[in-house]
Amino acid sequence: MGSPSPWAVLVLAVALVGLLAPRAVYGQPNFIVILADDVGWGDLGANWAETKETPHLDELAAEGTRFVDFHVAASTCSPSRASLLTGRLGARNGVTHNFAVTSVGGLPLNETTLAEVLREAGYSTGAIGKWHLGHHGHHHPSFRGFDYYFGIPYSHDMGCTDTPGYNLPPCPPCPQHGTTPRVARKDCYTDVALPLFENLTIIQQPVNLSSLAARYAEKAAWFIQQASDSGRPFFLYLALAHMHIPLGVPPSPPTSGRGIYGASLSEMDALVGWIKQVADRHGKGNTLLWFTGDNGPWAQKCELGGRLGPFMGAWQRQRGGSSAKQTTWEGGHRVPALAYWPGHIPAKRTSHALL
């Protein structure tokens, strides 16, 4: 354990660029990794024609390269994220299960993160969104290579909020001060109010889920601006709350046939489109943007879960099983993946390479 394996991630990126684009001498590019939560392979219109809520992601796919056979390292949150940031499978980096609200540990401290490698190379590094790799002591992202952190320490169903959103079964909001604590179901966490961090400081508790997406977008744009003004290359890890349940309350009634899920998917799509615009505005062609998911959709949440696309086999259809999140069936670990880097990664290309 503990070797500086994030170089493997960088080597993969360089290898992909070498395969996809003519060789040239480039300066240090910026990196933006946008990680959607519980998104289904079929939640992108570019992947699945029935999906109509992702025009910005579809545009991103058209202007870059779409990987249709991309697999994450695990079908649950913490192990997938640990592998993304270390370049090592859970059996090697020590993260094989999700961390809980009560967990005192996290991603082992002798593991090297991609942020640490890039910061040593002169990058400004920022993490915005869900962390879920340990929230006590030196497991906090501020001690794992990130110059700036804004987000929640674990999944937003792991703590009560003032705006609990759409969930199956529904969870109540946090008990009001002075009221008698209610009896909560085992899948609702009313005893801990979900905190929102900026660096090491809790700035809101309980977090307001209705405004969280807008705050993530605002902070991401601010970080890109600050890094660009400094003249340093940057690495932004943007780990969205979408499409994890509970889904946020949409500002307007859903217009698509997919109800609340479709409205939330549209909100995520608009957020990604905004980040792409901001990155392009600060030097189009200087930033490699990678969009993917941490694992497949949460099938037990029924209509509030995402689309698997074609990855629903006969066993699932006939026996009532699931091929999604928390399983090793294909829908649990094959996720959408898009790479966008104008002038370096070819546009309008679909790759069938197994990654």
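Rules of the game
For every chain, the first residue of the written sequence is number 1, and numbering continues from 1 onward in sequence order. Restriction of local features to residues with pLDDT of at least 70 applies here, the model being predicted, together with a cutoff of 80 or more for giving and counting side-chain atom pairs; totals for whole chains, interfaces and linings are based on all residues. The side-chain numbers reported here are obtained from all heavy atoms of the structure, hydrogens and water having been left aside. UniProt positions are given in the numbering used here, feature names are shortened, and annotations may be inferred rather than shown by experiment. Strand pairing is assigned whenever DSSP identifies at least 2 bridges connecting the two strands. The way it works is that DSSP assigns letters per residue, a run of H or I at least four long becomes a helix, a run of E at least two long becomes a strand, and they are numbered from the N terminus. The axes used here are C-alpha line fits, helices contributing only the stretch in contact, and every angle between their N-to-C directions lies in the interval 0 to 180 degrees. In this description, contact between two residues means that some pair of their heavy atoms is separated by no more than 4.5 Å. Think of it in three bands: residues with accessible area under 20% of the maximum for their type are buried, residues over 50% are exposed, and the middle band is partly exposed, with areas taken using a 1.4 Å probe on protein chains only. Working definition: a disulfide is two cysteine sulfur atoms within 2.5 Å of each other.

Where an unreviewed UniProt entry is consulted, the protein chain appears under the name ARSG Arylsulfatase, with the organism given as Jacana jacana. Under the UniProt heading Sequence similarities (unreviewed entry), the note attached to the protein chain is "Belongs to the sulfatase family." The record held by UniProt for the protein chain lists under Cofactor (unreviewed entry) the comment "Ca(2+)".

S.K.: Sorry if this is basic, but what is going on with the sheet that holds strand β1 (residues 30–36) here?
M.R.: In a beta sheet, neighbouring strands are held together by backbone hydrogen bonds and run either parallel or antiparallel to one another. The strand order across the open sheet built from 10 strands is β6-β5-β4-β3-β7-β1-β8-β9-β2-β10, with neighbouring strands paired in mixed fashion. Pairing within the sheet leaves two strands with one partner each, and these edge strands are β6 (201–204) and β10 (349–351). Neighbour-to-neighbour, the strand axes of the sheet open up by a mean angle of 20°, direction not taken into account. For strand β2 (residues 65–67) and β10, the ladder comprises 3 bridges, and the chain directions are parallel. Bridge pairing links Arg66 to Thr350 in β10. Packed onto the sheet, helix α2 (residues 55–62) meets β2, β8 (287–293) and β9 (337–340) and runs at close to 60° relative to β9. Strands β1 and β7 (234–239) of the sheet are contacted by helix α3 (residues 77–86), whose axis makes an angle of about 170° with β7.

S.K.: Can you help me understand the pairing of β8 in this one?
M.R.: Of all 7 residues in β8, 7 are buried; the element is thus mostly enclosed. Because side chains alternate across β8, one face comprises the buried residues Thr287, Leu289, Phe291 and Gly293, and the other comprises Leu288, Trp290 and Thr292, equally buried. Relative to β8, β1 runs parallel, the two being bridged by 7 bridges. Residue pairing for β8: Ile34 is matched across the bridge by Phe291.

S.K.: Before we go on, may I ask you to explain the state of the cysteines in this structure?
M.R.: According to the stated counting rule, one finds 2 disulfides in the structure shown. The side chain of Cys160 participates in a disulfide bridge whose partner is Cys174; the two sulfur atoms lie 2.0 Å from each other. Disulfide Cys160 to Cys174: torsion about the S-S bond roughly 105°, handedness right-handed. Separated by 14 residues along the polypeptide, Cys160 in the loop between β4 (148–151) and β5 (196–198) and Cys174 in the loop between β4 and β5 bring together distant segments of the chain. For Cys174, a relative accessible area of 7% gives the class buried. There is a disulfide in this structure between Cys171 and Cys188, and the S-S distance comes to 2.1 Å. On the sign convention where negative is left-handed, the bridge of Cys171 and Cys188, at about -85° about the S-S bond, is left-handed. On the criterion of sequence distance, the pair formed by Cys171 in the loop between β4 and β5 and Cys188 in the loop between β4 and β5 is long-range, its members being 17 residues apart. Of the two residues, Cys171 and Cys188, both sit in the buried class.

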